[in-house]
Amino acid sequence: MRLSDEQYEFIKGEVVALFERYDVRCIPISGFELAYKMGIKLIPYSSLDRAQRIAARKLSADGFYMEVDENDLIYYNDNRPYERTNMTILHEIGHCVLDHKNGSEEEEAEANFFAKYAAAPPPLVHRIKPDRPEEIAEIFNISYEAAVYALSYYKKWLAYGENDYTEYEIRLFRLFDTA
């Protein structure tokens, strides 16, 4: 699902504001670290009893976010590779930050974009000026598939935004000492 340009811009600003609020300043971006700083409890599927694990996997093979008694919880499948698990946690943090409530297709698209942008923002990818997805995968500790998407997104960013930074991109550069 394609979001509006305004939604994409809003989400990018929210990611940068989140990085500022929780002093995220190094690559690769760790969803585990960010969740900890945000006070979100991370619950691996392996810590659940058999019936709960089955129910959790039925709900989502990768993970899900819940708010219970004003506590934010992310359940995640810890039998996945680290890169996928980290992206799942960033996706679920997106649901939390964007205050999603109904699990709509639009909310899923927003959380997907949130995770994609948080894991490898084009301005930070620009620091390495990659030629191949493997470079992005290694430096940002994301899967090859996610790195292919990140490289494609970076190339679009180069075509449209490299010479005219937005306010949140300038803040991102400052945060990561790349200005």
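Just so it is clear, the model here is predicted, and its values are computed rather than measured.

### A look at the overall build of the protein chain
Part 1 of the argument: When helices and strands are counted, the protein chain shows nine helices and three strands.
Part 2 of the argument: For the protein chain, the α and β elements follow one another from N to C terminus as α-α-β-α-β-β-α-α-α-α-α-α.
Part 3 of the argument: Compactness check: the protein chain gives a C-alpha radius of gyration of 16 Å against a globular reference of 16 Å for 179 residues, within 12% of the reference.
Part 4 of the argument: Within the span of the protein chain, comprising 179 residues, buried residues form 47% of the whole.
Part 5 of the argument: Expressed as a percentage of contacts within the protein chain between residues at least 6 apart in sequence, the contacts between residues at least 24 apart total 60%.
Part 6 of the argument: With an accessible surface of roughly 9800 Å², the protein chain has 48% of that area assigned to carbon and sulfur atoms.
Part 7 of the argument: Across the protein chain, 21 positive and 32 negative side-chain charges occur, with their mean positions spaced 4 Å apart.

### Quick word on the layout of surface pockets
Part 1 of the argument: Considered as a void within the structure, the largest pocket measures approximately 1000 Å³ in volume.
Part 2 of the argument: Around the largest pocket, the lining comprises 34 residues; the ones closest to its centre are Asn112, Phe113, Lys116, Tyr149 and Tyr153.
Part 3 of the argument: Sorting the residues of the lining of the largest pocket by element identifies α1 (5–21), α4 (82–97), α5 (105–119), α8 (144–160) and α9 (167–175) as the ones contributing at least two each.
Part 4 of the argument: A per-element tally of the lining of the largest pocket places α8 first, with nine residues.
Part 5 of the argument: The residue makeup of the lining of the largest pocket, split by class, is 14 nonpolar, seven polar and 13 charged.
Part 6 of the argument: Here the second largest pocket defines a volume of roughly 240 Å³.

### Description of the nonpolar core
Part 1 of the argument: Among the nonpolar cores identified, the biggest contains 46 residues, and Phe19, Ile93 and Ile142 are the most heavily contacted of them.
Part 2 of the argument: Those residues in contact with Phe19 that sit more than four places away from it in its chain are Val24, Ile29, Leu34, Ala118, Leu172, Leu175 and Phe176.

### Comments concerning the sheet that holds strand β1 (residues 41–44)
Part 1 of the argument: One open sheet holds the three strands; their spatial order is β1-β3-β2, and the pairing between them is mixed. The open sheet has two edge strands, β1 and β2 (63–68), and neither has a second partner. The mean inter-strand angle of the sheet, taken between neighbouring strand axes irrespective of direction, is 25°.
Part 2 of the argument: With six bridges connecting them, β2 and strand β3 (residues 71–76) associate as antiparallel partners. Looking at β3, one finds that Tyr65 is bridged to Ile74.

### A few points about helix α2 (residues 31–38)
Part 1 of the argument: For α2, the complete set of buried residues consists of Gly31, Leu34, Ala35 and Met38. Projection of α2 onto a plane perpendicular to its axis shows the buried side chains occupying an angular sector of 100°, all on one side.
Part 2 of the argument: Lining the buried residues of α2 we find α1, β1 and α4.
Part 3 of the argument: Here α2 starts with a cap whose side-chain oxygen sits 3.3 Å from the backbone nitrogen of Phe32, and that cap is Ser30.
Part 4 of the argument: Just beyond α2, the residue with positive phi is Gly39, at close to 80°.

### Considering the side chain of Ser30
Part 1 of the argument: Mapped onto the elements, Ser30 comes out in the loop between α1 and α2.
Part 2 of the argument: A relative accessible area of 18% means that Ser30 is categorised as buried.
Part 3 of the argument: A polar contact of 3.3 Å, which involves the side chain of Ser30, links it to the backbone nitrogen of Phe32.
Part 4 of the argument: Look past the residues within four positions of Ser30 in its chain and what remains in contact with it is Tyr82 and Asn86.

Parameters and conventions
- Residues numbered from 1 in each chain as written.
- Predicted model: local features only at pLDDT ≥ 70, side-chain atom pairs only at ≥ 80, totals over all residues.
- Heavy atoms only, no water.
- Helix = DSSP H or I, 4+ residues; strand = E, 2+ residues; numbered from the N terminus.
- Rg over C-alpha atoms; globule rule 2.2 N^0.38 Å.
- Buried < 20%, exposed > 50% of the residue type's maximum accessible area, 1.4 Å probe, protein only.
- Contact = heavy atoms within 4.5 Å.
- Areas by Shrake-Rupley, 256 points an atom, 1.4 Å probe, with all protein chains shown as cover.
- Lys, Arg positive; Asp, Glu negative; His and termini not counted.
- Charge placed at Lys NZ, Arg CZ, Asp CG, Glu CD.
- 1 Å grid on protein atoms, 1.4 Å probe; cavity = no way out; pocket = protein on both sides within 12 Å on 5 of 7 lines; lining within 4 Å.
- Points joined across faces, edges and corners; volume = space filled by probe spheres on them.
- Nonpolar A, V, L, I, M, F, W, Y, C, P; charged D, E, K, R; others polar.
- Core = buried A, V, L, I, M, F, W, Y, C linked by side-chain atoms within 4.5 Å.
- Pairing = 2+ DSSP bridges.
- Axes fitted to C-alpha atoms, helices over the stretch in contact; angles between N-to-C directions.
- Arc of directions from axis to C-beta.
- Polar contact = N/O pair within 3.5 Å; in protein donor to acceptor, adjacent residues only side chain to side chain.

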